[in-house]
Every structure is written in C-alpha cells, then in structure tokens.
Amino acid sequence: MSTNVTFLINKSEITAGTRGASLGPDAIMTAARTKGSYLFGENTLEQLNITNAFLDRPTKYPFAKRIDGLLSVYQELNTKVADILNKNSFPIILAADHGSAGGTISGIKSAFPDKRIGVVWIDAHADIHTPYTTPSGNMHGMPLASVMNLDNLECKVNEVDPETVSLWNELKAVGGITQKINPKDVVYVGVRDTEEQEEKIIKQLGIKWFTVDDVHNQGITAIVQQIEEQLKDCDFVYVTFDVDSMDPELTSYGTGTPVPNGISPIEAKGLLTALSQNQKTVCLEIVEVNPCLDEKGNTMAEVTLEIVEAITDVIKNRK
Ligand SMILES: NC(=[NH2+])NCCC[C@H](N)C(=O)O
C-alpha cells in the first residue's frame, strides 16, 4: 500500500511585508511544467480561497496587519487540513507566506485532538512574535506564538488596541483547542534572524534550536536523530519549510525576507527527505517562494520543486 498525497495550494499572501509570494505556488508549478514533470497532475490538488483583496485596502490593525483576513485563512485551513487527514491522505501545503502555518497546525490538531503534535520549524526566522512584541506588524512573524497560546507580555513593546486583542484571541482559539502545541515539542532548524523579544521567550520556554552551523558541522543524520529524540513523545509531527532557511547565495533572493548564511539546498533536501521518512510525519508545508524578487529567473521555485519532488516520492512510497 502506498500513501496518497494531496497538494493544498494557499495563495493568500496577506501576512508578509513584501508583495509577490502569492505567485510562489504557481512559480513552483511553472518550474514543474518547464521540466516536464507531471507531479501536480498525478496527485490530488486542492486550492484554498484567496484573501489577497485585503491588500487592496488599509488594515485597521497596525500590530497585526490583516489579522481579520488571516482568521478566515486559519478557519479554512483548519477544516481543509483536517478533512485531508481524515481521508487518510497526506497534505503537502504549498503556501505563499508563513503566516498561515498556524492554520495548518490547527487542522492537524482538529484531526487528532487527543494526540501530541510535534513541530519542526525550518526557517531563518523564529516566527514567535505576538501583536504585543512584533517589530513589523506582519503576521508571518507570529504563527508559532498563535498555536502555543503565547502573548509574551513580559517583552511587550506595543500598545495593542482591544479589537486586535480580541481577533488575536480568536485566532489562537481556531479549532477549539487554544494550546495546540507544547513548547517542548517544537524544534527550530536554521533560525538566524531573531529579535530580542523572541530570543527571550525561546530561552524561557527551552525550545530546541539547531543553528546553521549545527547542520553544517554535525550533518543531516545526526540532526535528524536529535530531532526525533526531542519529539519522541509526540504522536505526530508537522514539518514546515520556509525557503529563506536556505542560503540566498546558493539559491536566490526570491523570497520576502532573505537572510545570509543559511543551509544549502542539498542540506535542505536531505533534512526534508529524512524527516518525511519518519512515519510520525503527517503533514508538510513549503512557504515563501517569491518569484517577483528572484534575480535569477525562477531559480528559487526550481530549487524548491526539486525538494517537493523528493519528499513526495518518499511519502508516496511510505508503507
Ligand atoms: N516567515 C518569515 N519570513 N518571517 C519573517 C519575520 C521577520 C520579523 N521577525 C518580523 O516579525 O517582522
């Protein structure tokens, strides 16, 4: 028996600060067509509603930009991801920006409310801000805090209005369970661009963090072993891959918030294929390809496609 894969395309790019990530999933599909790959025709493909019209009017929430739109994205993802999992299919989400990852996690938790879910967060950024601590107001910096039910008031720098607070609390409650993830069940890989408010809470919560140097020095096998050890008490694992975890010099600047000195595309592929082999892994997400910013044509999407092809192959051949 092989595992069935469902690609879920989410083109809402309302949580990043730069424009164009909504074209990321299409850029990956274009890379596939150029290459003559039928990856997206051979597997089930579903689309989420697009909320990008929120970008065409001002947002009312400076410390949680377009949180009203993101709430509907979370709600839809919560239902869709749970549905795919309940049909025994494996969701691979190709999303525009990272802000929606909290909606994906809500969907996993809704499908398995009594199970403990681990998260592998492969990214240049920690994405653990809250409206109280954000330097930018961009919601793609907050998904992890939303699923761990964090406010981080200790590091508060923003005076947040009551309407934003109420939307933030609604966002955290999507799916009915407010704390979906235990901080001990989160592992960072490649994170290297954080703010002080984030560093404080990461330390306080004791979140496991593998740096780019750890990946270079210890190698993929050792890192994956330690990730699995850290998540050994989890029933299921969600892996999310922000392409800005990779070194822009070895890929391209085709992503909204590139950061120098990342992991290599070979390391990324090794990491993701190894994590896909883990039977506990039930959902993968790939985010932040932005072809509008790509100085090398469609390179970021091409590099990403190779990784998507490799993980799909591993998952489909899983027993
Ligand atoms: N997934 C990402 N690209 N996140 C970027 C976040 C950048 C910064 N920490 C912020 O909150 O604005």
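Thresholds, definitions, all that
- Residues numbered from 1 in each chain as written.
- Predicted model: local features only at pLDDT ≥ 70, side-chain atom pairs only at ≥ 80, totals over all residues.
- Heavy atoms only, no water.
- Helix = DSSP H or I, 4+ residues; strand = E, 2+ residues; numbered from the N terminus.
- Buried < 20%, exposed > 50% of the residue type's maximum accessible area, 1.4 Å probe, protein only.
- Polar contact = N/O pair within 3.5 Å; in protein donor to acceptor, adjacent residues only side chain to side chain.
- Core = buried A, V, L, I, M, F, W, Y, C linked by side-chain atoms within 4.5 Å.
- Contact = heavy atoms within 4.5 Å.
- Near = heavy atom within 4 Å.
- Areas by Shrake-Rupley, 256 points an atom, 1.4 Å probe, with all protein chains shown as cover.
- Nonpolar A, V, L, I, M, F, W, Y, C, P; charged D, E, K, R; others polar.

K.L.:
Please explain the side chain of Ser252 as it appears in this structure.
P.N.:
For Ser252, the position within the fold is in the loop between strand S7 (236–242) and helix H9 (265–277). Assessed through its relative accessible area of 0%, Ser252 is described here as buried. Polar side-chain contacts of Ser252 include one of 3.0 Å to the backbone nitrogen of Gly254. For Ser252, the side chain forms a polar contact with the side chain of Asp294, separated by 3.1 Å.

K.L.:
Got a minute to help me understand the nonpolar core in this structure?
P.N.:
Residues Ile108, Ile128, Leu144 and Tyr188 are the most contacted members of the largest nonpolar core, which totals 53 residues. It is helix H3 (residues 67–86) that contributes the most residues to this core, 10 residues altogether. Aside from chain neighbours lying at most four places away, what touches Tyr188 is Trp121, Ala126, Ile128, Leu144, Ile202, Ile207, Lys208, Trp209 and Phe210.

K.L.:
Even after reading the chapter, I still don't get the site of the ligand, so can you show me in this structure?
P.N.:
The full set close to the ligand counts 14 residues, and Asp127, Ser136, Glu195, Asp242 and Thr257 are the nearest of them. At 2.8 Å, a side-chain N or O of Glu195 approaches a nitrogen atom of the ligand. A distance of 3.3 Å is found between a nitrogen atom of the ligand and a side-chain nitrogen or oxygen belonging to Asp244. In isolation the ligand exposes 350 Å². Once the protein is present, 94% of that is buried. Grouping the amino acids of the shell around the ligand by side-chain chemistry returns 1 nonpolar, 7 polar and 6 charged.

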